[in-house]
Structures are given as structure tokens and as C-alpha cells.
Amino acid sequence: MAPYFSKENLDKLHAGRTEMHQRFGALRETFVVRVYRSDRGREFACHGFARRLGIMVRAVDTVFEKLPPELECIPAKKTVDDAIIAIQSFVMNAFGCLENLAWMWVCERPVWNDGKQLDPMKVGLGPKCKEVRASFTQEFITHLENRQDWVDKHLKGFRDSLAHRIPLYIPPYIVPPEKVEEYNKLEVQSGQALRQLDVVAYEKLQSAQKALGLWRPWMTHSATEKSPGAVFHIQLLADYMTIDEFGRAMLEEMARQGV
């Protein structure tokens, strides 16, 4: 069975993981050693954003360890479940990172509404959070606008489905088109064996079905919503780098405004 990734792409994945660790170490240190104006701002920076970054890095490592990109055979369900747990944690914490950056900014600048603290529902980096957006320079607003599609259509889409509708998951395997008919026949036979309480026959038929499948490092959430799929090794690294970029851009904004 041919591997899913080429040698060139495998090298890029492992190099990307190494770069993730390097960038994480540097960015976390910058947030942790920084002098903050408020205890609450420091909490959102260090115990919110920086801590979430660490969880995201560990989630990526877990996925690479449980389901390495070199994997060719169909992995055990428990192994896949461990990777799914890590991916779901990654998505929730990536979304939380953006929220923590917004809260840190609101506390440190600070951002008020007629001299009063902002309603928590008005704290965020998105265009609907008008008071917060009005406090940014045009340079940072441009950064946010350039990445709004990624936030809305990708990160928020995955996060909302995970939290409210269908959770992200990794299909156990796929069935090539030329083997679908045989797979469906085995499905009928395994159903009959189960109704007859013939456990031995059922397990043999299930194994025969699985033997027709191919392992693919894909993740998705809803079939009925026609949700986009993604190659999770690549997507996790790309998403981490985007969150890392948000953190660095926020530090630059704070420096511009003398916060």
C-alpha cells in the first residue's frame, strides 16, 4: 500500500512541527515575561493565551504520535479516538486564544464604554465588537480583516459545529469506489449475522469489510451539512501558525500604542 504523503511532504510536515515548537517557545516567553498594567490583563495573557498555546502544541504532538503521517495501515479505534480528543481540544483552544487576546487588550489599554467596563458579549476581535475595533490602529485592523474569512469560515465553523452540532471526527477508513459493492454486500451479511446472534460470523464479516478499506488522515464533522474536510496533520500546523501570527500581531499593536 502506497503511503498517503510523499517523501517531500513528510519532510515538510516534520519540519513544520519543529518550527511550531520553536515559535511556541519564543512566543510563550514573550507573553510570560512581559510587564502588564493590570493583574487581569496578565492573567488573560499568561494563564489564558500562553497556556492555551501549550495545550495546542501538545494536541498536535499527540496527533503526530498516535497517527504519524507515515501511517499506512488502518489504526485501532482507541488510537483514533485519542487523536480526535486532541483535535477537538486544539480547535476549542485556538478559538479561545483569540478571545484571550481580545480580553487582554481590553484590560491593558483599557477599552471602556462611556467610562464603564464593556459588556462581556462586546469583547472580541471581530467586526461586531465595535468598541474594541475602534481602539485598534489601521495596521492591526488590516491584519484582522485579511484573516476574517479564516476565522469565520474555518475556525468558527469547526468550533461552532463541535460545540453545538456535530463534533469533529476522523473516519475509521474509506472504501474505494471499486470496492463499495462488495463492502455493501458484507454489510448486509453482517447485519443478518447480528440479528441471528452469531457473534463469530459477525466479527469475521466486519473484519472482511475493514480489509477493503484504506486509511486516510482526514477529519470532518457533518455529512448532511456538506462540511469541508481537511488533512489534519497539515491543517493543525497551519492553524497553529495562524494563531501564533495573531499573538505576534497583537504584541506589535501594543507596542505601537504604548500599551
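All of these numbers come straight from a predicted model, not from anything done at the bench.

Criteria and thresholds
Residues numbered from 1 in each chain as written. Predicted model: local features only at pLDDT ≥ 70, side-chain atom pairs only at ≥ 80, totals over all residues. Heavy atoms only, no water. Salt bridge = Lys/Arg side-chain N within 4 Å of Asp/Glu carboxyl O. Buried < 20%, exposed > 50% of the residue type's maximum accessible area, 1.4 Å probe, protein only. Phe/Tyr/Trp six-rings, centres within 6.5 Å; stacked < 30°, edge-to-face > 60°. Helix = DSSP H or I, 4+ residues; strand = E, 2+ residues; numbered from the N terminus. Lys NZ or Arg CZ within 6 Å of the ring centre and 35° of its normal.

Caption draft 1: Representation of the pattern of salt bridges within the structure. Going through the model one piece at a time under the given rule, you end up with 15 salt bridges. Here Arg58 ties to Glu65 by a salt bridge, and the two come within 3.3 Å at their closest N and O atoms. Taking the relative accessible area as the measure of exposure, Arg58 reaches 43% and is therefore partly exposed. Judged by relative accessible area, which is 47%, Glu65 ranks as partly exposed. Among the charged side chains, a network of salt bridges with common partners joins Arg17, Arg58, Asp61 and Glu65.

Caption draft 2: Examining the packing of aromatic side chains more closely. In the structure shown here, the tally under the stated rule is 9 aromatic pairs. Consider the rings of Tyr4 and Trp218, whose centres lie 6.3 Å apart with planes at 75°: the pair is edge-to-face. Within this pair, whereas Tyr4 is found in the segment before helix H1 (7-33), its partner Trp218 is found in strand S3 (residues 218-219), the two being separated by 214 residues in sequence. Arranged with centres 5.3 Å apart and planes meeting at 20°, the rings of Phe44 and Trp103 form a pair that is stacked. Here Phe44, found in helix H2 (residues 39-66), pairs with Trp103, found in helix H3 (residues 77-108); they are 59 residues apart in sequence, far enough to count as distant. An aromatic cluster of three or more residues is present, and its members are Tyr4, Phe5 and Trp218. Positioned above the aromatic ring of Tyr36, the side-chain terminus of Arg34 is 5.2 Å from the ring centre. In this structure, Arg159 is placed above the aromatic ring of Phe95, and the distance from its NZ or CZ to the ring centre is 4.7 Å.

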